[in-house]
Amino acid sequence: MTDWFIQGGRVIDPASGVDAVAHVLVQGASITAIGLDLECPADAAVIDAEGCLISPGLIDTHVHLRDPDTSGHHEETIATGTRAAAAGGFTTVCCMPNTTPALDSTEVVNHVLQAPASARVFPVACGTKGRAGLEPTDIHELVAAGAVGISDDGDGIADDSVMARVLQDVQKAGTVFMQHCQDPAMTQGAAMNAGAIAQSLGVGPWPREAEVAMLQRDIDLNRDIGARYHAQHMSVAESMDVIAAARAQGQQVTGEAAPHHLLLTEEACLGGNTMAKVNPPLRTQADVQALRQAVADGVITVLATDHAPHPASSKAREFQQASFGMSAIEICLPLYREALIDSGAIDWPRLIAMMTIEGARLAGLEAKGLGQLSPGGPADLTIIDPDAQWTVDTPTFTSMGRNTPFSGRALRGRALATMRGGQLTHATLGDRLDSGIEPAA
Ligand SMILES: [Zn+2]
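Residues numbered from 1 in each chain as written. Predicted model: local features only at pLDDT ≥ 70, side-chain atom pairs only at ≥ 80, totals over all residues. Heavy atoms only, no water.

### Observations concerning the packing of helix H7 (residues 237-248) against helix H9 (residues 285-297)
Between two packed helices, the angle of one axis relative to the other and the distance separating the axes together describe the packing.
Step number 1: Taken N-terminus to C-terminus, the directions of H7 and H9 make an angle of 25°; their axes are 8 Å apart at the nearest point. Taken together, the axis directions place H7 and H9 in an arrangement best described as roughly parallel. Taking contact as the criterion, the partners of Ala237, Glu238 and Met240 in H7 are, on H9, Asp287, Ala290, Leu291 and Ala294. (Axes fitted to C-alpha atoms, helices over the stretch in contact; angles between N-to-C directions. Helix = DSSP H or I, 4+ residues; strand = E, 2+ residues; numbered from the N terminus. Parallel < 35°, antiparallel > 145°, perpendicular 65-115°, else oblique. Contact = heavy atoms within 4.5 Å.)

### Some points on the coordination of the zinc ion
Step number 1: Taken together, the protein ligands of the zinc ion are Asp153 (OD), His180 (ND1) and His233 (NE2), with distances of 1.9 to 2.3 Å.
Step number 2: Positions of the donor residues of the zinc ion along the chain correspond to the pattern D-x26-H-x52-H. Here histidine 233 lies in the loop between strand E13 (228-231) and H7 and aspartate 153 lies in the loop between strand E9 (149-150) and helix H4 (160-173), a separation of 80 residues in the sequence.
Step number 3: With relative accessibility at 2%, the residue aspartate 153 sits in the buried group.
Step number 4: Assessed through its relative accessible area of 3%, histidine 233 is described here as buried. (Donors = N, O, S within 2.8 Å, 3.2 Å for Na, K, Ca; no water. Buried < 20%, exposed > 50% of the residue type's maximum accessible area, 1.4 Å probe, protein only.)

### Details of the domain arrangement of the protein chain
Step number 1: Under the domain assignment used here, the protein chain contains domain 1 (4-55 + 377-432) and domain 2 (57-368).
Step number 2: A separation of 26 Å is found between the C-alpha centroids of domain 1 and domain 2.
Step number 3: If you look at the interface, domain 1 gives 39 residues, while domain 2 gives 47 residues.
Step number 4: With both chains or domains summed, domain 1 and domain 2 bury close to 3400 Å², and 63% of this area falls on carbon and sulfur atoms.
Step number 5: In this assembly, domain 1 and domain 2 are joined by three salt bridges.
Step number 6: Between arginine 409 and glutamate 338 there is a salt bridge whose closest N-O contact spans 2.7 Å.
Step number 7: Our count for the domain 1 to domain 2 interface comes out at 20 residue pairs in polar contact (both at pLDDT 80 or more).
Step number 8: The element best represented in the side of domain 1 that touches domain 2 is strand E17 (residues 410-420), accounting for eight residues.
Step number 9: Its residues assigned to classes, the side of domain 1 that touches domain 2 shows 17 nonpolar, 13 polar and nine charged. (Domains from an automatic or database assignment. Buried area = accessible area lost by both parts, 1.4 Å probe. Salt bridge = Lys/Arg side-chain N within 4 Å of Asp/Glu carboxyl O. Polar contact = N/O pair within 3.5 Å; in protein donor to acceptor, adjacent residues only side chain to side chain. Nonpolar A, V, L, I, M, F, W, Y, C, P; charged D, E, K, R; others polar.)

### Digging into the packing of aromatic side chains
Step number 1: One pass over the full model with this rule turns up two aromatic pairs.
Step number 2: With centroids separated by 6.5 Å and ring planes inclined at 25°, the aromatic side chains of phenylalanine 177 and tyrosine 229 adopt a geometry described as stacked. Residue phenylalanine 177 is found in strand E10 (residues 176-179), and its partner tyrosine 229 is found in strand E13; the two are separated by 52 residues along the sequence. Each member of the pair, phenylalanine 177 as well as tyrosine 229, is classed as buried.
Step number 3: Across from the ring centre of phenylalanine 324, 4.5 Å away, lies the NZ or CZ of lysine 277, which sits over that ring.
Step number 4: Directly above the aromatic system of tryptophan 390 lies the positively charged group of arginine 414, at a separation of 3.7 Å from the ring centroid. (Phe/Tyr/Trp six-rings, centres within 6.5 Å; stacked < 30°, edge-to-face > 60°. Lys NZ or Arg CZ within 6 Å of the ring centre and 35° of its normal.)

Pasting the structure below:
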């Protein structure tokens, strides 16, 4: 294996509080030293990181890899989805359970854990069998097999007694429940945010209450159970108040935001633009502002993409019939920069924390040394040019999904290299790399 000397970047490791220009020495699969007084070993390959950020390898705790898929839709695989993740700067992803078959058995957990991949992949397994919301899965067994969280993502668990039982089992198993907050009774046929635009397009309205009601129901149910609870892809301002109140009362509740909800409003759906159709839907400018404020206030602590690749055919339909979701993992870093740093909500160290150690804590990956940069720990890191200017060009996507409303958008900030376990999984380093070494995967 190649040893690496990554020279003179701004090392940002929120877990330890380090934010300083330094060199990073990688030997084998581990980081062996971080500092300014290091000597470069004669046989190490050198990466010039001047002007770049050196971050712990990015972690995305909410992606759809669409694998296994016995339906033959071919929307993504673990191989393509993790190559896309690496291109976006990620070394670790947590994949959601709305696969075919659903991720509700140890067999499917093992399939995910054993598949060849360009990033570390940790499955989030179902809370109910077949994600049908009726019968709880064997959560203890799924966690023992390697699931790092429990969710029926794609759907929320609507039945109160089933949800209570799932929360109890999650608490006993010492894992986390990740809820897709959508009350199904309020969202039958819903396609976009309820309001004038939905009315003018003649598509099903999605009320804000559908999110808030399930979130509040869960907080109430969980008060005496005390499970760790995570609210996925938050979209409305009122949800921020619910999470903040629950945290103030000592509940272990975290919230997550996706790039599109931090940047776009329902107006992106005008003209029936199906690329802007997403679950939960894009809301209003006041909601965008509330989510950014919640990031600044620490109410939202985890940034995750909800990367949801789809083939062109499932978007080339009437708005009402088109698929929900956006391919996001390759372009999210500069989108977060625009939404959160350029707006003044947070700075780079906090953004990196929300993309690394916060996700590691959520999914219980901190003990594996992920989400942090420390001598002796795994050499998972991302070299970021914070000012690189580029444009979203969907034909060049690594993901099989080119479905994004950000096509053509000017971006600032990019992962120049991604290293997992001492191997480059993505590199566009040009002259910064002193040897002809190619990415490993
Ligand atoms: Zn979801």
